[in-house]
Amino acid sequence: MKPKVGQCYYAPHGRGYRIYRYDYVGETVSTAAPVSDEPIYWDKEEARKRVYELNGWRYKPCKTN
């Protein structure tokens, strides 16, 4: 799935996870900036859940084996 401008994603940041928002999406390059009013999440699943909320997607917990 190709990202869209304004869409959020999470990525590792030190020992936690930070939420970023795409500023520009091109054919071969895209830029993003951290969402300043979002905290650093220490749990990956919490960051994922928040990204789903921000993007307006329906959240389903990850399946663990």
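The text that follows walks through the structure, step by step, so that each part is easy to find. (Residues numbered from 1 in each chain as written. Predicted model: local features only at pLDDT ≥ 70, side-chain atom pairs only at ≥ 80, totals over all residues. Heavy atoms only, no water.)

### What about the overall build of the protein?
Part 1 of the reasoning: Of the regular secondary structure elements, the protein holds one helix and three strands.
Part 2 of the reasoning: Put simply, the protein runs from its N terminus to its C terminus through helices and strands in the order β-β-β-α.
Part 3 of the reasoning: Overall size of the protein, expressed as C-alpha extent along the three principal axes, is 35 × 25 × 20 Å.
Part 4 of the reasoning: In the protein, buried positions account for 28% of the 65 residues. (Helix = DSSP H or I, 4+ residues; strand = E, 2+ residues; numbered from the N terminus. Buried < 20%, exposed > 50% of the residue type's maximum accessible area, 1.4 Å probe, protein only.)

### Details of the sheet that holds strand 1 (residues 8-13)
Part 1 of the reasoning: The antiparallel open sheet is built from three strands, whose spatial order is 1-2-3. Both edges of this open sheet fall to strand 1 and strand 3 (30-34), since each of them pairs with a single strand only. Direction aside, the axes of adjacent strands within the sheet are offset by 45 degrees on average.
Part 2 of the reasoning: Bridge count between strand 2 (residues 16-25) and strand 3: five bridges; the pairing is antiparallel. Across the sheet, residue Y22 finds its bridge partner in strand 3, namely A32.
Part 3 of the reasoning: Lying on the sheet, helix 1 (residues 44-55) is in contact with strand 1 and strand 2; it crosses strand 1 at an angle near 160 degrees. (Pairing = 2+ DSSP bridges. Axes fitted to C-alpha atoms, helices over the stretch in contact; angles between N-to-C directions. Contact = heavy atoms within 4.5 Å.)

### Some points on the packing of aromatic side chains
Part 1 of the reasoning: Going through the model one piece at a time under the given rule, you end up with five aromatic pairs.
Part 2 of the reasoning: Centroid distance Y9 to Y22: 4.8 Å. Interplanar angle 35 degrees. Geometry classified as tilted. Of the two residues, Y9 is situated in strand 1 and Y22 in strand 2; the sequence distance between them amounts to 13 residues.
Part 3 of the reasoning: Through successive ring pairs, a cluster of aromatic residues spans Y9, Y20 and Y22. (Phe/Tyr/Trp six-rings, centres within 6.5 Å; stacked < 30°, edge-to-face > 60°.)

It is worth stressing that arrangement in space is one thing and function is another; only the former is reported here.
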